[in-house]
Amino acid sequence: MKIHFDQEIQNLNKLMIAQTTAVENAVRNSILSLSEGNPDLAWFVIVGDDALDTNEVRIEEECLKILALYQPVAGDLRYIITLLKVNAELERIGDLAVNIAERVMDLLTHKENTIFLDFSEMIREVSSALKKSLDSLLSRDADLAGDVIDNDSVIDDLHRDNMQQIKRMLQRKPHAAESILDFMSISRNLERIADGCTNIGEDVIYLEQGKIIRHFWKKPEEKKE
């Protein structure tokens, strides 16, 4: 029974690795489509979403099958529960990448070329958060997961700054409202990807420490007080 269980876990791990890679590629391509103004990359992200959805269902089915057949306990049970939660989070991040790609496609149809919101810093932070969160999952590194959670406020601040710039843009150039609203949507979707990374980090800490830290996480400097 243990041999069969280990084989099932190995197969599940392969599926998760493939899904994390696919989602990371979707986010990367959506960001590149924005920075390069590349409609082909945007379209590639959009049409690839069906595969992510299919993989998400398959992983969930595999997790449920293992729970039913082997009734794991303790660490093994936490592991399956974590994969179920992360699997759903990955699918949502894939959807957010599609949302960005769709907004890029819409932006490229507009004639207003004078308005540009600099997403470079936010893109760097979100890309780093995604890589760290997925690395923390694959390596089961709770400290790295904590770094992702700690850095989420930086991305929130960048999103708030973007919203302030967008408000000023709307006041100055209301005729370009469609383009400006696309920028707003892109910023919001990037911020939500970061939220998804934070959720994955929380799941990794649950996996390794058995603690549900959602709503109760404190930064290191806050813990010292």
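Shown above is the structure to which this text applies.
Residues numbered from 1 in each chain as written. Predicted model: local features only at pLDDT ≥ 70, side-chain atom pairs only at ≥ 80, totals over all residues. Heavy atoms only, no water.

(A) Structural context of unusual backbone geometry. Backbone geometry places A74, a non-glycine residue, at a positive phi of 50 degrees. In this structure, A74 sits in helix α4 (residues 74–107). With a relative accessible area of 55%, A74 lands in the exposed category. Phi is positive for R140, which is not a glycine, with a value near 55 degrees. Within the element layout of this structure, R140 appears in the loop between α5 (120–139) and α6 (142–150). Residue classification places R140 among the partly exposed positions, given a relative accessible area of 37%. (Helix = DSSP H or I, 4+ residues; strand = E, 2+ residues; numbered from the N terminus. Buried < 20%, exposed > 50% of the residue type's maximum accessible area, 1.4 Å probe, protein only.)

(B) Structural view of the nonpolar core. F119, I186, L190 and I193 are the most contacted members of the largest nonpolar core, which has 62 residues in total. Contributing elements (two or more residues each) for this core: α1 (2–36), α2 (39–47), α3 (49–70), α4, α5, α6, α7 (152–172) and α8 (177–209). When residues in this core are grouped by element, the largest group, 13 residues, is from α4. Filtering out sequence-adjacent residues up to four positions away, I193 remains in contact with V27, I93, L96, A97, I100 and V126. (Core = buried A, V, L, I, M, F, W, Y, C linked by side-chain atoms within 4.5 Å. Contact = heavy atoms within 4.5 Å.)

(C) Seen up close, the packing of α1 against α4. Look at α1 against α4: their axes get within 9 Å of each other, and the N-to-C directions meet at 20 degrees. Looking at the two axes, α1 sits roughly parallel to α4. Our pair here, α1 against α4, has a crossing hand that is left-handed. (Axes fitted to C-alpha atoms, helices over the stretch in contact; angles between N-to-C directions. Parallel < 35°, antiparallel > 145°, perpendicular 65-115°, else oblique. Left-handed = near helix turned anticlockwise from the far one by under 90°.)

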